[in-house]
Amino acid sequence: QVQLVESGGGWVQTGGSLRLSCAASGRTFSRYTMGWFRQAPGKEREFVASISWNGGSTYYVDSVKGRFTISRDNAKNTVYLQMNNLKPEDTAVYYCNVNVTKRYWGQGTQVTVSS
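It should be emphasised that the depicted structure is a prediction, and the values quoted were computed from it without experimental measurement.

Overview of the side chain of asparagine 77
Move 1: Positionally, asparagine 77 belongs in the loop between strand E7 (68-73) and strand E8 (78-83).
Move 2: Among the polar contacts listed, one links the side chain of asparagine 77 to the backbone nitrogen of phenylalanine 29, at a separation of 3.1 Å.
Move 3: With sequence-adjacent residues up to four places away left out, asparagine 77 is seen in contact with Cys22, Ala23, Ala24, Ser25, Arg27, Thr28, Phe29 and Ser30.

This is the structure in structure tokens:
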């Protein structure tokens, strides 16, 4: 059984910070590019950030660049998303997955940013 479990979401005021975690089980993802995605109410799920297997290459959607940082710890089979200077537009359910195949959607973690 392969599973990705997101955690760390919550409620914050504008300008606050959160760190999301994505813990994988059932197989190792240490050699795959991993990504974070989000889905806001009434909108389609969108790409947020990705990180290569060794952390040497990262990519961010323009709206979060400079505010969010993606990282990973392959020994723990875990991916992180540090979110700083949060804005109301960041409010969404956040998910992690293998970036290309997007095969293993989890339950996500809710992030709510108040103005």
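Some words on the packing of aromatic side chains
Both the distance between ring centres and the angle between the ring planes are used here to describe each pair of aromatic rings.
Move 1: Applying the stated criterion to the full structure yields 5 aromatic pairs.
Move 2: Considering the side-chain rings of phenylalanine 29 and tyrosine 104, the 5.7 Å spacing of their centres and the 80 degrees angle between planes classify their relative orientation as edge-to-face. In this pair, phenylalanine 29 is assigned in the loop between strand E3 (18-25) and strand E4 (34-39) and tyrosine 104 in the loop between strand E9 (92-98) and strand E10 (109-114), connecting sequence segments 75 residues apart. Both residues of the pair, phenylalanine 29 and tyrosine 104, belong to the buried class.
Move 3: Ring centres 5.9 Å apart and planes at 80 degrees place the aromatic pair tyrosine 95 and tryptophan 105 in the edge-to-face group. Linking tyrosine 95 in strand E9 with tryptophan 105 in the loop between E9 and E10, this pair joins segments that are 10 residues apart in sequence.

Considerations on the nonpolar core
Soluble globular proteins tend to pack their nonpolar side chains together in the buried interior.
Move 1: Trp36, Phe68, Leu81, Met83 and Tyr94 are the most contacted members of the largest nonpolar core, which totals 28 residues.
Move 2: Only E3, E4, strand E5 (46-51), E7, E8, E9 and E10 provide two or more residues apiece to this core.

Details of the sheet that holds E8
Move 1: The 4 strands are arranged E1-E3-E8-E7 in an open sheet whose pairing can be described as antiparallel. At either end of the open sheet lies a strand with only one pairing partner, and these are strand E1 (3-7) and E7. Adjacent strand axes in the sheet meet at a mean angle of 15 degrees when their direction is disregarded.
Move 2: The sheet contact formed by E7 and E8 spans 6 bridges and is antiparallel. Note on E8: the bridge partner recorded for isoleucine 70 is leucine 81.

Remarks on the state of the cysteines
Move 1: Using the criterion set out here, one finds 1 disulfide in the structure.
Move 2: The disulfide partner of cysteine 22 is cysteine 96, and the gap between their sulfur atoms is 1.7 Å. Every disulfide takes its handedness from the sign of the S-S torsion; for cysteine 22 and cysteine 96 that torsion is 60 degrees, giving right-handed. Of this pair, cysteine 22 sits in strand E3 while cysteine 96 sits in strand E9; the two residues are 74 residues apart in sequence, bridging distant segments of the chain.

Points about the pairing of E7
Move 1: By the alternation rule, side chains of E7 split into Phe68, Ile70 and Arg72, which are all buried, and Thr69, Ser71 and Asp73, of which none is buried.
Move 2: Turn length for the E7-E8 hairpin, with the two strands adjacent in sequence and antiparallel, is 4 residues, and the turn residue asparagine 77 shows positive phi of about 55 degrees.

Looking at the pattern of salt bridges
Move 1: Summed over the entire model, instances satisfying the criterion amount to 3 salt bridges.
Move 2: Ionic pairing is found between arginine 67 and aspartate 90, a salt bridge with its closest N-O pair at 2.8 Å. Separated by 23 residues along the polypeptide, arginine 67 in the loop between strand E6 (58-60) and E7 and aspartate 90 in the loop between E8 and E9 bring together distant segments of the chain.
Move 3: Judged by its relative accessible area of 8%, arginine 67 falls in the buried class.
Move 4: Several salt bridges share partner residues, and in doing so they unite Arg38, Glu46, Arg67 and Asp90 into one network.

Conventions we followed
- Residues numbered from 1 in each chain as written.
- Predicted model: local features only at pLDDT ≥ 70, side-chain atom pairs only at ≥ 80, totals over all residues.
- Heavy atoms only, no water.
- Helix = DSSP H or I, 4+ residues; strand = E, 2+ residues; numbered from the N terminus.
- Polar contact = N/O pair within 3.5 Å; in protein donor to acceptor, adjacent residues only side chain to side chain.
- Contact = heavy atoms within 4.5 Å.
- Phe/Tyr/Trp six-rings, centres within 6.5 Å; stacked < 30°, edge-to-face > 60°.
- Buried < 20%, exposed > 50% of the residue type's maximum accessible area, 1.4 Å probe, protein only.
- Core = buried A, V, L, I, M, F, W, Y, C linked by side-chain atoms within 4.5 Å.
- Pairing = 2+ DSSP bridges.
- Axes fitted to C-alpha atoms, helices over the stretch in contact; angles between N-to-C directions.
- Disulfide = S-S within 2.5 Å.
- Salt bridge = Lys/Arg side-chain N within 4 Å of Asp/Glu carboxyl O.

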